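# Survey of secondary and tertiary structure
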Amino acid sequence: MIALGVSATAMAQDEFDALRYSRLTTGGTARTQAIGGAAGSLGGDISSTHVNPAGLGFYKTSEVLITPGFYFRSNNLSYLGNSESDNKSGGQLANIGVVFGIPNRSSGSKFRNFTIALDYSRQADFNNRRFLKGNNTRTSYTDRWVEDMMPGGTPVSLDVANDDLVLGPSLAFRTFLIDPKFIDDDPAKGVDFYFSGINPTLAGGIDQSDLIKERGGLDEFSIGFAGNYNEQVYMGLSVNFPTINYERNRTFREEDKSGDNNNDFAWFEHTENLKTDAVGFNSKLGIIYSPMPSLRIGVNYHTPTWFSMRDASTARVEANTEGYPSNNPGYHSLSSEELTDYLPVEYEYTLRTPSRFGGSVSYIFGTNADVKQQHGFITADVEYVNYSGTQFKYNKGGAADREMAKRLNDVISDTYKGAMNIRVGGELKFNVLAVRAGFSYNGNPYNSDFTDIDGSIKRVSGGLGYRNKGFFADLTYVHTLDTESVYAPYTLKSGPYPAPTAIGSMSGGNVVATIGLKF
């Protein structure tokens, strides 16, 4: 009951969450990642389950495989004229699965074989660490809490200010960062407005810093089915169950730089802890046509993904208000759990990420059966996804919740646009060894009316492969070139100045290795 009573304060989703959960990368096996993720028409790899399941139809035998990996990332955030860097690295499981190739024993049928695949693949990785710092002479982080306490320009009651806005405003109110101005200075007449005790316009301004630690990923478990008709037409379908596991620990700090030790503010920190869990569903279907052994043409469609989401949040504010108030001066600290019987604030909602359309072509050369002769291929995929179509739905609440969801979805529609994703790659095979290279381009998702930065993601990749007597092993390195992004530590709906934003730049790499056995 307590969690339901404060559920509105937990609805902290924004347009950046929408992009995080809808912008996917082609993970999967080291072989697929080495060729830029271009798995739309090539076939013969379990990663086809997540791109174009028709590619499973090329399997004549069965196999089991696993793909562990290691990532490292370097981040830079430019904020208010200052630049800060941070790094993050760690291990991950990119892929594990099994494929069953089932030949058709009926000699009179043109269906040559059927395939069933069970596969887990990481489709987006959220592990990251970022830090920003800058001097602000116009706005304070607390201004957002004042706006929360003045919805539509009308102040909330003192009871609401004290007890209901537990993830930020109530904590700031109880630690004396925000105060009420009473009508005619008479508490009996009610609150006229709320105001922040932090004044960034004083000489020296305020130093702001923000440390964001993120963990988790978007993983997808898939069941894929495919058939091979006369070695020319390959049809496939996968039923997919993606899950989201995301944790964010964030500490935002403001520190007075005015040099005035009697202005009732020295510093404060706001710590937020968010854990998001989700289970979803989507389906992918495709077809590959091979008019000749050396040429393959594929098309695929991914339905929207429908997620059932749950957020669990806690927060804490620590503040030094110097000599204020006179009856309780100095250091103050309060956590949200102290206001909720030590329970996190939970909220459930749904999310729909956009559908995807793709086309692909592959050319295979050296197709004769003598593996000692040089073989190889080149392949390319094109995919379209409309990021502005991501939609939140707060279906657990009333009219106010629905109105909040509508406003957020309008912001998403204005912030993002449709984008093209392009993936190309190739392989040269020499007897039991193979050399691979690839490139992928994920188009800029940002609407030019929102920002003029280029948020496209570019990756180059290369790898080696070994196949002999049913055993195979692949090693790949994928390098992400500098990628720009926008990050808003806080937003303001009104006021003389807008809240500042940070421009981010991220680069890094992934090393993945696949080990498998045919049976």
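Assigned secondary structure in the chain consists of seven helices and 21 strands. Counting every position in the chain, which comprises 519 residues, the buried fraction comes to 51%. Nonlocal contacts in the chain, meaning residues at least 24 apart in sequence, comprise 73% of its contacts between residues at least 6 apart. Carbon together with sulfur atoms contributes 56% to the accessible area of the chain, which is approximately 22,400 Å² in total.

A word on the environment of Gly-153. With respect to the helices, strands and loops of the structure, Gly-153 is situated in the loop between α4 (142-148) and α5 (158-163). Since its relative accessible area comes to 52%, Gly-153 is described here as exposed. Along the primary structure Gly-153 and Arg-112 are separated by 41 residues, whereas in three dimensions their C-alpha atoms are 70 Å apart.

Before going further, it helps to examine the packing of aromatic side chains. Each pair of aromatic rings is reported with the distance of its centres and the angle of its planes. Following the criterion strictly, the structure yields 28 aromatic pairs and no others. Aromatic side chains Phe-111 and Phe-114 sit 5.7 Å apart centroid to centroid with 15° between the ring planes, which places their arrangement in the stacked category. Ring centres 6.0 Å apart and planes at 90° place the aromatic pair Tyr-349 and Tyr-394 in the edge-to-face group. Residue Tyr-349 is located in strand β13 (residues 345-353), and its partner Tyr-394 is located in the loop between β16 (391-393) and α7 (399-415); the two are separated by 45 residues in the primary sequence. This pair shows no difference in class: Tyr-349 is buried, exactly as Tyr-394 is.

This part covers the pattern of salt bridges. Evaluation of the coordinates by the stated rule reveals 33 salt bridges. Of the charged contacts, one joins Arg-174 and Asp-163 as a salt bridge, the two residues approaching to 2.6 Å between their closest N and O atoms. With Arg-174 in helix α6 (residues 169-174) and Asp-163 in helix α5, the pair connects residues that are eleven residues apart, well separated along the chain. The exposure class assigned to Arg-174 is partly exposed, which follows from its relative accessible area of 32%. A network of salt bridges, in which partner residues are shared, links Arg-31, Asp-45, Glu-427, Arg-436, Arg-467 and Asp-474.

Moving on, we come to the side chain of Asn-300. Mapped onto the secondary structure, Asn-300 falls in strand β10 (residues 295-302). From its side chain, Asn-300 meets the backbone oxygen of Val-51 in a polar contact 3.4 Å long.

The next thing to look at is the pairing of strand β20 (residues 471-487). Every other side chain in a regular strand lies on the same face of the sheet, so the side chains alternate between the two faces. Of the pairings in the sheet, the one linking strand β19 (residues 457-468) to β20 comprises ten bridges and is antiparallel in character. Across the sheet, Gly-465 pairs through a bridge with Asp-474, a residue of β20. The hairpin turn running from β19 into β20, its antiparallel successor, is two residues long, and Lys-469 in that turn takes a positive phi close to 55°. In the sheet, β20 pairs with strand β21 (residues 502-518) via 15 bridges, with the strands oriented antiparallel. When the bridges of β21 are listed, Ser-485 appears paired with Gly-504.

A few words on the environment of Asp-381. For Asp-381, the position within the fold is in strand β15 (residues 375-386). The sequence separation of Asp-381 and Leu-42 amounts to 339 residues, and the corresponding C-alpha distance is 9.8 Å. Each residue touching Asp-381, except ones within four places of it in the same chain, is listed here: Gly-37, Ala-38, Ala-39, Gly-40, Ser-41, Val-51, Gly-359, Ser-360, Asn-421, Ile-422 and Arg-423. Reaching out from Asp-381, the side chain makes a polar contact with the backbone nitrogen of Gly-40 at a distance of 2.9 Å. Within polar-contact distance, the side chain of Asp-381 engages the side chain of Ser-360 at 2.5 Å.

Conventions we followed
Residues numbered from 1 in each chain as written. Predicted model: local features only at pLDDT ≥ 70, side-chain atom pairs only at ≥ 80, totals over all residues. Heavy atoms only, no water. Helix = DSSP H or I, 4+ residues; strand = E, 2+ residues; numbered from the N terminus. Buried < 20%, exposed > 50% of the residue type's maximum accessible area, 1.4 Å probe, protein only. Contact = heavy atoms within 4.5 Å. Areas by Shrake-Rupley, 256 points an atom, 1.4 Å probe, with all protein chains shown as cover. Phe/Tyr/Trp six-rings, centres within 6.5 Å; stacked < 30°, edge-to-face > 60°. Salt bridge = Lys/Arg side-chain N within 4 Å of Asp/Glu carboxyl O. Polar contact = N/O pair within 3.5 Å; in protein donor to acceptor, adjacent residues only side chain to side chain. Pairing = 2+ DSSP bridges.

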